[in-house]
Protein chains: 2
Amino acid sequence: MPYYISGVTADHRDLIARTPEEFREKNEVDVLTGHRVIEIDAGNRTVLVRDLESGREFRDEYTVLLLSTGASAFVPPVAGVDLEGCFVLRQLSDSISIKSFIRDRAPRRAVIVGAGPVGMEMCESFRRLGLAVTVVDTAVAPMPYMDPELSSRVLEKLESEGVECRLGEGLEGMEADRNGTLRRIETTEGSLDCDIALLAIGIRPATELARSAGVELGAREAVKVDEGMHTNIEGVYAAGDCAVTFDAITGSETWIPLGSTSRKQARAAADSMFGAPVDFPGVVGTSIVKCFDLTVGRTGLDEAYARESGFEPVSVSFEARDTPEYYPSGGGMALKIICDSPSGRVLGAQVVGGLASGADKRLDVFAVCTAAGMTTSDLEHLDLAYAPPYSAAVDAPIMAGNLMSGKLTGKPCRCDSSGLE
Amino acid sequence: MPYYISGVTADHRDLIARTPEEFREKNEVDVLTGHRVIEIDAGNRTVLVRDLESGREFRDEYTVLLLSTGASAFVPPVAGVDLEGCFVLRQLSDSISIKSFIRDRAPRRAVIVGAGPVGMEMCESFRRLGLAVTVVDTAVAPMPYMDPELSSRVLEKLESEGVECRLGEGLEGMEADRNGTLRRIETTEGSLDCDIALLAIGIRPATELARSAGVELGAREAVKVDEGMHTNIEGVYAAGDCAVTFDAITGSETWIPLGSTSRKQARAAADSMFGAPVDFPGVVGTSIVKCFDLTVGRTGLDEAYARESGFEPVSVSFEARDTPEYYPSGGGMALKIICDSPSGRVLGAQVVGGLASGADKRLDVFAVCTAAGMTTSDLEHLDLAYAPPYSAAVDAPIMAGNLMSGKLTGKPCRCDSSGLE
């Protein structure tokens, strides 16, 4: 949706993966939009449905039921969040509203509350549309799920793109002018004039229906499911942003709502609902965001969480080229990897790099290595694709293995931009 | 070197990773260039060295000896290959000679014998310099290590870039004009006028010295080494293009000379020579080449070799987008994956895609999955980095897993450019 707002994606209809008509024609699936399930009677396997337009209610039957109610934007309990000009970005309708507002009202000053991935994407979108942008977050760095040595690069990028960053600062309220339109936000540190505000401070699983039906909730109050996407109620399954998942490294229940995971959970749920054996192993926690011309991503555990989970994490941070020195570069990258000291197991990695550096490639390599339970030694021996347009002869994941092995064994291993010495 | 010839890399000195002076200063290593070891006396641990300039010979001692003699370009035994204007591309001096020849003689018509990776890179370099280019190969398709459904795309690209492809046609000889300069090549199908010719039909391990010292040779007549890079002679090790390696999937000895493998073998040999335990597991056979604006690569086994190795290969070929339909694409890609039918194990993959599509990223993901012994089901559950600028929500390796699972289990699974249905 940030790309629709900025105009990279011209038509909002392109964001609709499948319309109700296509579901019918291609998949023989009836999709009732504008209807809400207001009650589940799990004993009789029926649902009570309300047509939101007519108000008519009716019961429908099911053999198996999937809860895929998603998540809602979190709106903090402060004054003024319902003012015209204050938005969240969760539903397609939100993006259409934001785009209309910008077109009709021509706001000049935007405030984004929240310096997470949605906030980063919207910084870029608003700047692209010519707005002055200020980001406010209680965290002391943008992208709070990145470690400081990498998030500092994101901060530099935001500032170089003209984004004002007010970090360590919390939202206290919003104020309108005499026409009832948003004009100012109040923070813990002062106030800030603006014409449009975006609340991008996270989402919450939409589980009211589940809860009222007696469905058990788990991590972060998301619907508790097992590896077969079953809830505690016979015949009721859940998948997507409303459901928990598993951390494939620690085995613990977690809630990491992402579109890529939803797609996998949906397949697993469909198989399970039709009787196939399913063992969805969970995720390693991979995520990525484009912040202007930077790629910012992480996978696996960070040091703090690794320690909490009983590992003995050791990290290495380094810079790597994306191509050899004699070949044009896509901007290079900074990386951090985290391994378990006694076992050498790869626990996670973080990367910030140029958009054309293939930093996303190295992140995916680490994601696979982490999922596979590979060790530092395995990293050193990876047979990655090398030719000058694609990487240096010792590519970043291999260099990470060399450096980490050196650190774990005490074997000296240096590395500079030209590779290992 | 193709990028130096075409001018992407301006100075040939940038291709020298380290000069003898840098070796001395940074690493306290003496490098004698212009010297050849002409004899190894393994019993007394001495070598006989000749200074190629003065002709002086002297003996030197060693405690451990590394054979890293590399490989030489194969020159076929036909008439005229020593003519002025006929080149190979193996040493830095070759690239300097080619560049000088082009500058001084302004050739207009180039013939490249060999449609492998070096041939592909040089097609692009010569075209970039404005030459008419013809490629000749006895194989019926370019990039013979790619399967036909993918190599056909390389052929299309070559033709669209104005490269004439004469496939299924063998070199029979070269002819000069009265000044002794190359003017024509003869093939099994006729003749072809040209002003410059490049022989790019493969390399052979440089093992004369090793053989004369009693060092045992292995696959493809390369120096036989074990997982610790030891040869059969105590105190003598080998690494790089002169040495064999192991196919990490089948465990069999093989010879796949690539710079990325050489770097890893060199580290392993150094550790081993200084007494550290080393177990270099070999390679899965990953390689990549840029052919104009196409990325062409493979990893692991192809179907024929998988079958020879005792697997029961099943393959799936498909097209995948690099980004969602609503986001600008880097050109998409075509993929083929090969799995073992009874176990579901991933055996290999091949990919041809747009240069900006991140086809190299998906290749590296498959390379890691292959090395890790992952299965089709593991592919389906990969937690890869998803955001619209980087991939579709179901990225190509996951889609490969879905399609292969469908094929192996008989579960219907279709896929079109918008993803799975």
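Bear in mind that the values here come from a model prediction, so they are computed numbers and not experimental data.

A few points about the overall build of chain A
No. 1: From N to C terminus, chain A includes 11 helices and 24 strands.
No. 2: Relative to the 2.2 N^0.38 estimate, which gives 22 Å for 421 residues, the radius of gyration of chain A is 24 Å and therefore close to what a compact globule would have.
No. 3: Oriented by its inertia axes, the alpha-carbon framework of chain A measures out at about 75 × 60 × 40 Å.
No. 4: Across the 421 residues of chain A, 53% fall into the buried class.
No. 5: Surface exposure of chain A reaches about 17700 Å², of which carbon and sulfur atoms provide 47%.
No. 6: Averaged over its 41 positive side-chain charges, chain A has a centre that lies 3 Å from the centre of its 63 negative ones.

Description of helix H7 (residues 259-273) of chain A
Residues and elements named next belong to chain A.
No. 1: With 15 residues, H7 extends 21 Å between its outermost C-alpha atoms, agreeing within 8% with the 21 Å of an ideal straight helix rising 1.5 Å per residue.
No. 2: Residues of H7 that are buried: Ser260, Thr261, Ser262, Lys264, Gln265, Ala268, Ala269, Ser272 and Met273.
No. 3: Where H7 terminates, the next one or two residues include Gly275, which has phi positive at roughly 90°.

Overview of the interface of chain B and chain A
Interface size, as often reported, equals the accessible area lost upon joining of the parts.
No. 1: Contacts between chain B and chain A engage 63 residues on the former and 63 residues on the latter.
No. 2: Interface area, chain B with chain A, both sides summed: about 5300 Å², of which 59% is carbon and sulfur.
No. 3: Scanning the region where chain B abuts chain A turns up two salt bridges.
No. 4: Across the salt bridge formed by Asp360 of chain B and Lys361 of chain A, the nearest N and O atoms sit 2.6 Å from each other.

Here we look at the relation of the copies chain B and chain A
No. 1: Each copy of the sequence occupies a distinct position, and chain B is placed on chain A by a rotation of 180° and an axial shift of 0.0 Å, giving an RMSD of 0.0 Å. Both chain copies can therefore be described as sitting about a two-fold axis. Taking C-alpha positions as reference, the residue of chain B nearest the rotation axis is Lys361 of chain B, located at 2.3 Å.
No. 2: The overlap is high: 100% of the interface residues of chain B also sit at the interface in chain A, so the same surface is used on both sides.

Side note on the packing of helix H9 (residues 359-371) of chain B against helix H11 (residues 396-409) of chain B
Residue and element names in this part refer to chain B.
No. 1: Packing of H9 against H11 brings their axes to within 9 Å, and their N-to-C directions diverge by 55°. Regarding the angle of H9 to H11, the classification is oblique. Seen from H9, the contacting residues are Arg362, Val365 and Phe366; seen from H11, they are Ala396, Pro397 and Ala400.
No. 2: Class assignment of the residues belonging to the contact of H9 with H11 gives a composition of five nonpolar, no polar and one charged.

Section: the side chain of Thr231 of chain A
Residues and elements named next belong to chain A.
No. 1: Along the chain, the position of Thr231 falls in the loop between helix H6 (208-212) and strand E15 (236-238).
No. 2: There is a polar contact of 3.1 Å between the side chain of Thr231 and the backbone nitrogen of Ile233.
No. 3: A distance of 2.8 Å separates the side chain of Thr231 from the backbone oxygen of Val236, its partner in a polar contact.
No. 4: Setting aside residues no more than four positions away along its own chain, Thr231 makes contact with Val215, Val223, Lys224, Val225, Val236, Tyr237 and Ala238.

Some details on the state of the cysteines
No. 1: In this structure the tally under the stated criterion is zero disulfides over all chains.
No. 2: No disulfide involves Cys165 of chain B; its sulfur sits 6.8 Å from that of Cys123 of chain B, the nearest cysteine.

Let's talk about the sheet that holds strand E20 (residues 313-320) of chain A
Remark on secondary structure: sheet strands pair via backbone hydrogen bonds, oriented parallel or antiparallel.
Residues and elements named next belong to chain A.
No. 1: Strand order across the open sheet formed by five strands is E18-E19-E22-E21-E20, with antiparallel pairing between neighbours. Because the sheet does not close on itself, it has two edges, and the strands there are strand E18 (287-291) and E20. Strand-to-strand twist across the sheet, computed as the mean angle between neighbouring axes with direction ignored, equals 10°.
No. 2: Sheet topology note: the E18/strand E19 (residues 294-300) ladder contains five bridges and is antiparallel. Each residue of the ladder has a partner; that of Cys291, found in E19, is Leu294.
No. 3: Packed on one face of the sheet, helix H9 (residues 359-371) meets E18, E19, strand E21 (333-340) and strand E22 (346-354) and runs near 0° to E19.

Things to note about the packing of H9 of chain A against H9 of chain B
No. 1: Contact geometry of H9 of chain A with H9 of chain B gives a least axis separation of 9 Å together with a crossing angle of 20°. Judged on the interaxial angle alone, H9 of chain B and H9 of chain A are roughly parallel. Judged by the twist between their axes, the crossing of H9 of chain A over H9 of chain B is right-handed. Contact residues: H9 of chain A offers Asp360, Lys361, Asp364, Val365, Val368 and Cys369 of chain A, while H9 of chain B offers Asp360, Lys361, Asp364, Val365, Val368 and Cys369 of chain B.
No. 2: Here the contact of H9 of chain A with H9 of chain B is built from residues that sort into six nonpolar, no polar and six charged.

Some words on the sheet that holds strand E11 (residues 182-187) of chain A
Residue and element names in this part refer to chain A.
No. 1: Taken together, the three strands give an open sheet; going across it, the order is E10-E11-E12, and neighbouring strands pair in antiparallel fashion. Where the open sheet ends on each side, the last strands, each with one partner, are strand E10 (171-176) and strand E12 (190-193). Ignoring which end each strand starts from, the neighbouring axes of this sheet average 25° apart.
No. 2: By the bridge criterion, five bridges tie E10 to E11 in an arrangement that is antiparallel. Its bridge partner being in E11, Leu171 is matched across the sheet by Thr187.

Section: the environment of Gly55 of chain A
Residues and elements named next belong to chain A.
No. 1: Mapped onto the fold, Gly55 is located in the loop between strand E2 (46-51) and strand E3 (57-61).
No. 2: The class of Gly55 is partly exposed, set by a relative accessible area of 41%.
No. 3: Once the C-alpha coordinates of Gly55 and His35 are considered, the two residues, 20 residues apart in sequence, prove to be 9.2 Å apart.

Looking at the pattern of salt bridges
All names here are of chain B.
No. 1: Per the stated rule, a full pass over the model turns up 50 salt bridges over all chains.
No. 2: Across the pair Glu319 and Arg153 runs a salt bridge, and its minimum N-O distance is 2.3 Å. With Glu319 in strand E20 (residues 313-320) and Arg153 in helix H5 (residues 148-160), this residue pair connects regions lying 166 residues apart in the sequence.
No. 3: Its relative accessible area of 43% is what places Glu319 among the partly exposed residues.
No. 4: Its salt-bridge partner being Glu303, residue Lys336 comes within 2.9 Å of it at the nearest N-O pair. Here Lys336, found in strand E21 (residues 333-340), pairs with Glu303, found in helix H8 (residues 303-308); they are 33 residues apart in sequence, far enough to count as distant. As far as the burial class goes, Lys336 and Glu303 line up, both buried.

Quick word on the pairing of E11 of chain A
No. 1: Hairpin connection of E10 of chain A to E11 of chain A: five residues between the antiparallel strands, including Gly180 of chain A at a positive phi of 85°.
No. 2: Between the antiparallel neighbours E11 of chain A and E12 of chain A lie two residues.

Topic: unusual backbone geometry
Note: most residues except glycine have negative phi, and most peptide bonds are trans.
Residues and elements named next belong to chain B.
No. 1: Even without being a glycine, Arg45 presents a positive backbone phi close to 55°.
No. 2: Inspection of the secondary structure assignment puts Arg45 in the loop between strand E1 (35-41) and strand E2 (46-51).
No. 3: Of note in this structure, Met229 is not a glycine but carries a positive phi near 65°.
No. 4: Within the secondary structure, Met229 is located in the loop between helix H6 (208-212) and strand E15 (236-238).

Side note on the environment of Ala268 of chain B
All names here are of chain B.
No. 1: Mapped onto the secondary structure, Ala268 falls in helix H7 (residues 259-273).
No. 2: Overall, the relative accessible area of 6% leaves Ala268 in the buried class.
No. 3: Apart from the residues lying within four places of it in its own chain, the contact partners of Ala268 are Met229, Val278 and Phe280.

Re the pairing of E20 of chain B
On a regular strand, one side chain projects to one face of the sheet and the next to the other, so that they alternate.
Residue and element names in this part refer to chain B.
No. 1: By the criterion of burial, E20 is predominantly enclosed, with six of the eight residues buried.
No. 2: Of the strand pairs in this sheet, E20 and E21 are connected by eight bridges, and their pairing is antiparallel. Looking at E21, one finds that Val316 is bridged to Ile337.

Some points on the nonpolar core
No. 1: If you look at the biggest cluster of nonpolar residues, it comprises 64 residues, and the most contacted ones within it are Phe318, Ile337 and Leu382 of chain A together with Phe318, Ile337 and Leu382 of chain B.
No. 2: Those residues in contact with Ile337 of chain B that sit more than four places away from it in its chain are Val314, Ser315, Val316, Gly348, Ala349, Phe366, Leu379, Ala400 and Met404 of chain B.
No. 3: By size, the runner-up hydrophobic cluster in this structure holds 33 residues, among which are Leu150, Cys291, Phe292 and Val296 of chain A.

Reading guide: rules and limits
Residues numbered from 1 in each chain as written. Chains lettered and ligands numbered in written order. Predicted model: local features only at pLDDT ≥ 70, side-chain atom pairs only at ≥ 80, totals over all residues. Heavy atoms only, no water. Helix = DSSP H or I, 4+ residues; strand = E, 2+ residues; numbered from the N terminus. Rg over C-alpha atoms; globule rule 2.2 N^0.38 Å. Buried < 20%, exposed > 50% of the residue type's maximum accessible area, 1.4 Å probe, protein only. Areas by Shrake-Rupley, 256 points an atom, 1.4 Å probe, with all protein chains shown as cover. Lys, Arg positive; Asp, Glu negative; His and termini not counted. Charge placed at Lys NZ, Arg CZ, Asp CG, Glu CD. Expected span 1.5 Å × (residues − 1). Contact = heavy atoms within 4.5 Å. Buried area = accessible area lost by both parts, 1.4 Å probe. Salt bridge = Lys/Arg side-chain N within 4 Å of Asp/Glu carboxyl O. Least-squares fit on C-alpha atoms with pLDDT ≥ 70 in both. Axes fitted to C-alpha atoms, helices over the stretch in contact; angles between N-to-C directions. Parallel < 35°, antiparallel > 145°, perpendicular 65-115°, else oblique. Nonpolar A, V, L, I, M, F, W, Y, C, P; charged D, E, K, R; others polar. Polar contact = N/O pair within 3.5 Å; in protein donor to acceptor, adjacent residues only side chain to side chain. Disulfide = S-S within 2.5 Å. Pairing = 2+ DSSP bridges. Left-handed = near helix turned anticlockwise from the far one by under 90°. Core = buried A, V, L, I, M, F, W, Y, C linked by side-chain atoms within 4.5 Å.

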